[in-house]
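# Report on the structure
Here are the chains, one letter per residue:
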Amino acid sequence: MVMHQFPKRYVALKVMYFGPRFYGFASEAQMDPTVEGELFKALERTRLIFGDKRELQYSRCGRTDKGVSSVGQVISLFLRSRHRESRGDNKYSGEISVEESCGEMDYVRVLNQVLPNDIRIMGWSPIPVGFSARFSCLSRVYKYFFWHGNLNITAMETAAEKFLGEHDFRNFCKMDAGNVHNYRRHIVSFEILPFNESYKADQLMIMKIKGSAFLWHQIRCMVAVLFLIGQGLETPNVIDALLDIERTPRKPQFLMAPEIPLVLQSCEFEGLKFICSSDAKQALNEHLERECRSYKLQAAIFHEAIISTSVEIDDNISSERTKKKEASYTPLLSRPTEPSYEERRKKLDAGVRKPR
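If you're wondering where the values come from, they're calculated on a predicted model, not measured in any experiment.

What counts, and where the lines are drawn
Residues numbered from 1 in each chain as written. Predicted model: local features only at pLDDT ≥ 70, side-chain atom pairs only at ≥ 80, totals over all residues. Heavy atoms only, no water. Phe/Tyr/Trp six-rings, centres within 6.5 Å; stacked < 30°, edge-to-face > 60°. Buried < 20%, exposed > 50% of the residue type's maximum accessible area, 1.4 Å probe, protein only. Helix = DSSP H or I, 4+ residues; strand = E, 2+ residues; numbered from the N terminus. Core = buried A, V, L, I, M, F, W, Y, C linked by side-chain atoms within 4.5 Å. Contact = heavy atoms within 4.5 Å. Patch = residues over 30% accessible without salt bridge, like charges linked within 9 Å, V, L, I, M, F, W, Y side chains within 5 Å. Areas by Shrake-Rupley, 256 points an atom, 1.4 Å probe, with all protein chains shown as cover. Salt bridge = Lys/Arg side-chain N within 4 Å of Asp/Glu carboxyl O. Disulfide = S-S within 2.5 Å.

Bringing the packing of aromatic side chains into the picture now. In the structure shown here, the tally under the stated rule is 15 aromatic pairs. Centroid distance F163 to F172: 5.2 Å. Interplanar angle 90°. Geometry classified as edge-to-face. Like F172, F163 is buried. Arranged with centres 6.3 Å apart and planes meeting at 70°, the rings of F169 and F172 form a pair that is edge-to-face.

Take a look at the structure:
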């Protein structure tokens, strides 16, 4: 039986996933496993969908990279419904009655029963047919976790303020000149805050970045440069230079910040309110608490290994290595550069015109 023979409803799902074992969110990269691939396996297993993504009018808010996690990813698609009148028109006003939600399928409970432990549905909401998880999103919030260590947080905060507003971020991303032609993005807020976790004398910190949209690898590139500033290897003024495309038309070569600490925290939509039944919410909380306790147990094993080690570090040797590392540092603006956008486009255009 095909999907159109069932009652259906256009639905947004809020998705949480722990990213380390996944090759990103999107399944187009032909690498397994992906979060999207696991979601569709669960949707097919529970017979909530029939047909391909085009028929389902499927969209996603973002396609996070390999290793990146989320507690607020949003997807939208048609799902099988218990409501005979819900054939896609969805007279949506941003609210759903208790009676209607109780009569509908418990999408959260049904899907979470078959999803792997590192993916969970957090809630669902009815949406109008014109809704797009990607294009209807007003803003996205990412968080990046890191240890304070010896970083100069004040210098990092000074530098982070320079990102605020609308800028051309081509020097803070992985450029895709074939598909992306506008590199201007708007950063609404950029905060550096302590997190409620510490280890010995070190404080866990977060960078909280809110923007309308982001470029490929943009946040990891921004964070990488802030770390160089925090280490005293660069000054906050390097941000001004990298945002000035006329002054710095080519991106200096540098390593991005690691992907594991990056989390898509939330996606904001006008009037969208996610719901979760009390039973599904209880099961969800119990599952997340079990997973949290499990990872804390794993951390305890590494802590035990630290206690058990008999290796002593000679502080003088460590200091000498640090001095050598700092002495060999090459400032960003003195490094080899990548091709500019214009150079990439010229090469692409030449390839198109080249006769076979």
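The next subject is unusual backbone geometry. The linkage connecting D32 with the following residue, P33, adopts the cis geometry, with an omega of 0°. By secondary structure assignment, the location of P33 is in the loop between strand 1 (8–17) and helix 1 (35–45). A positive phi angle, close to 55°, is found at Q57, a residue other than glycine. Mapped onto the fold, Q57 is located in the loop between helix 2 (53–56) and strand 2 (59–60).

Let's shift gears to the nonpolar core. Generally speaking, a soluble globular protein has its nonpolar side chains buried in company with each other. Counting 58 residues, the largest nonpolar core has F172 and M207 as the members making the most contacts within it. Among the elements that take part in this core, helix 6 (residues 218–230) stands out by supplying 10 residues, more than any other. Not counting the four nearest positions on each side in its chain, F172 is found in contact with F163, H217, Q218, C221, M222, V225, I239, L242 and L243. Within the second largest apolar cluster, 28 residues are counted, among which are V11, F22, V35 and L39.

It is worth spelling out a nonpolar patch on the surface at this point. A contiguous nonpolar surface patch, about 280 Å² in accessible area, is contributed by W147, Y199 and I306. We classify W147 as partly exposed; its relative accessible area is 40%.

By the definition in use, this model includes zero disulfides. The cysteine C137 is free of any disulfide, with C61 supplying the nearest cysteine sulfur at 3.6 Å. C61 supplies the cysteine sulfur nearest to C267, a cysteine that is in no disulfide, at a spacing of 3.2 Å. By relative accessible area, which is 11% here, C267 ends up buried.

Treat this as a map of the structure, not an account of what it does.
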